[in-house]
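Residues per chain are reported as follows:
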Amino acid sequence: MVEYEMGYGADEFGNVLNGPFSGDKSVYLCKQVERHHWSLEQPGAAFELTIKVVEKPPRKLGLFNLPVLDVRFTFTDTETSLRDHFFHRFHQYFHKGGG
């Protein structure tokens, strides 16, 4: 299992995951299992992944409240190279901030 803490709301995360990340041009098929729980497959490859998210209390920085999301990735019978490719794409789509 891989776990990240991200600056997203759970619904916002789901919108990106089900939208641009796994859209028509993606190699990934995403299915919602239940609210804030998804399964991803890569047709033709031994790639199986479940993603579950849980919202945590926001971080307070002065007047700002920043969302905090616990994201858990659980792979089943997935080669390291396929995992690496997934996380490369994931970081491209879910990166916030920067210039």
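Note that this is a predicted model, so its numbers are computed, not measured.

About the cut-offs
- Each chain has its residues counted from 1, running along the sequence as written.
- Per-residue local features are limited, in this predicted model, to residues with pLDDT of at least 70; the limit for side-chain atom pairs, both in listing and counting, is 80 or more; totals at the level of whole chains, interfaces and linings are taken over all residues.
- Based on all heavy atoms of the structure, the side-chain values leave hydrogens and waters out of the count.
- Think of it this way: any DSSP run of H or I at least four residues long counts as a helix, any run of E at least two long counts as a strand, and we number them from the N terminus.
- Atoms counted for the radius of gyration: C-alpha only. Globule rule: 2.2 Å times residue count to the power 0.38.
- To sort residues, take the accessible area from a 1.4 Å probe on protein chains only and compare it with the maximum for the residue type: under 20% means buried, over 50% means exposed, and anything in between is partly exposed.
- Whether two residues touch is decided by their heavy atoms; if any such pair falls within 4.5 Å, the residues are in contact.
- In short, Shrake-Rupley with a 1.4 Å probe defines the accessible areas, and a residue's cover is counted only from the protein chains shown.
- Charge assignment: positive for Lys and Arg, negative for Asp and Glu; neither His nor the chain ends contribute.
- By convention, the charge on Lys lies at NZ, on Arg at CZ, on Asp at CG and on Glu at CD.
- Helix span, as expected, comes to 1.5 Å for every residue beyond the first.
- Picture the helix axis, draw a direction to every C-beta atom, and the arc is the one those directions span.
- The criterion for strand pairing is that DSSP finds at least two bridges linking the strands in question.
- Think of each axis as a best-fit line through the C-alpha atoms, taken over the contacting stretch in the case of a helix, with angles from 0 to 180 degrees between the N-to-C directions.
- Residues grouped as a nonpolar core are buried Ala, Val, Leu, Ile, Met, Phe, Trp, Tyr and Cys residues, joined through side-chain atoms within 4.5 Å.

Peer 1: Can you explain the overall build of the protein? Please cite residues and give values.
Peer 2: Counting secondary structure elements, the protein contains 2 helices and 5 strands. Computed over its C-alpha atoms, the radius of gyration of the protein comes to 14 Å, within 12% of the 13 Å expected for a compact globule of 99 residues. Taking the principal axes of the C-alpha coordinates as reference, the protein spans close to 50 × 30 × 25 Å. The buried share of the protein, reckoned over its 99 residues, is 36%. Of all intrachain contacts in the protein linking residues separated by at least 6 positions in sequence, the fraction that spans at least 24 positions is 54%. Of the roughly 6400 Å² of accessible surface on the protein, 51% is carried by carbon and sulfur atoms. In the protein, the 11 positive side-chain charges and the 13 negative ones have mean positions that sit 6 Å from each other.

Peer 1: Tell me about helix α1 (residues 10–21), residues and numbers included.
Peer 2: Counted at 1.5 Å a residue, the expected span for α1 with its 12 residues is 16 Å, and the 15 Å between its end C-alpha atoms agrees. Within α1, burial applies to Ala 10, Phe 13, Gly 14, Val 16, Leu 17 and Phe 21. Buried residues along α1 cover an arc of 160 degrees about the axis, so they all sit on one side. Every exposed residue of α1 that faces more than 90 degrees away from the buried side is listed here: Asn 15 and Pro 20. Here the buried face of α1 lies against β1 (2–6), β2 (29–34), β3 (37–41), β4 (48–61), β5 (64–75) and α2 (80–94).

Peer 1: If you had to explain the pairing of β4 to someone new, which residues and values would you point to?
Peer 2: It is a general feature of regular strands that their side chains alternate between the two faces of the sheet. Alignment of β3 against β4, held across 5 bridges, turns out to be antiparallel. When the sheet's bridge partners are listed, Leu 40 is paired in β4 with Leu 49. Between the end of β3 and the start of β4, which pair antiparallel, lie 6 residues, with Gly 44 showing a positive phi angle near 85 degrees. Bridge count between β4 and β5: 11 bridges; the pairing is antiparallel. Paired with Lys 56 across the bridge in β5 is Val 68. Where β4 folds back onto β5 in an antiparallel hairpin, the turn is made up of 2 residues, including Gly 62, whose phi is positive at roughly 65 degrees.

Peer 1: Help me get a handle on the sheet that holds β1, residues and values and all.
Peer 2: A sheet is described by the order of its strands in space; here 5 strands give the open sequence β1-β5-β4-β3-β2, paired in antiparallel fashion. Single-partner strands in this sheet number two, and they are β1 and β2. Taken over all neighbouring pairs, the strand axes of this sheet differ in orientation by 25 degrees on average, direction set aside. Each of β1, β2, β3, β4 and β5 touches α1; the most contacted strand, β3, lies at about 20 degrees to it.

Peer 1: I'd love a proper account of the nonpolar core, names of residues and values included.
Peer 2: By size, the foremost hydrophobic cluster in this structure holds 24 residues, and its most contacted members are Phe 13, Leu 17, Leu 40, Ile 51, Phe 73, Phe 86 and Phe 94. Listing elements by their share of this core, those giving two or more residues are α1, β3, β4, β5 and α2. Those residues in contact with Leu 40 that sit more than four places away from it in its chain are Leu 17, Phe 21, Tyr 28, Leu 29, Cys 30, Phe 47, Glu 48, Leu 49, Ile 51 and Phe 86.

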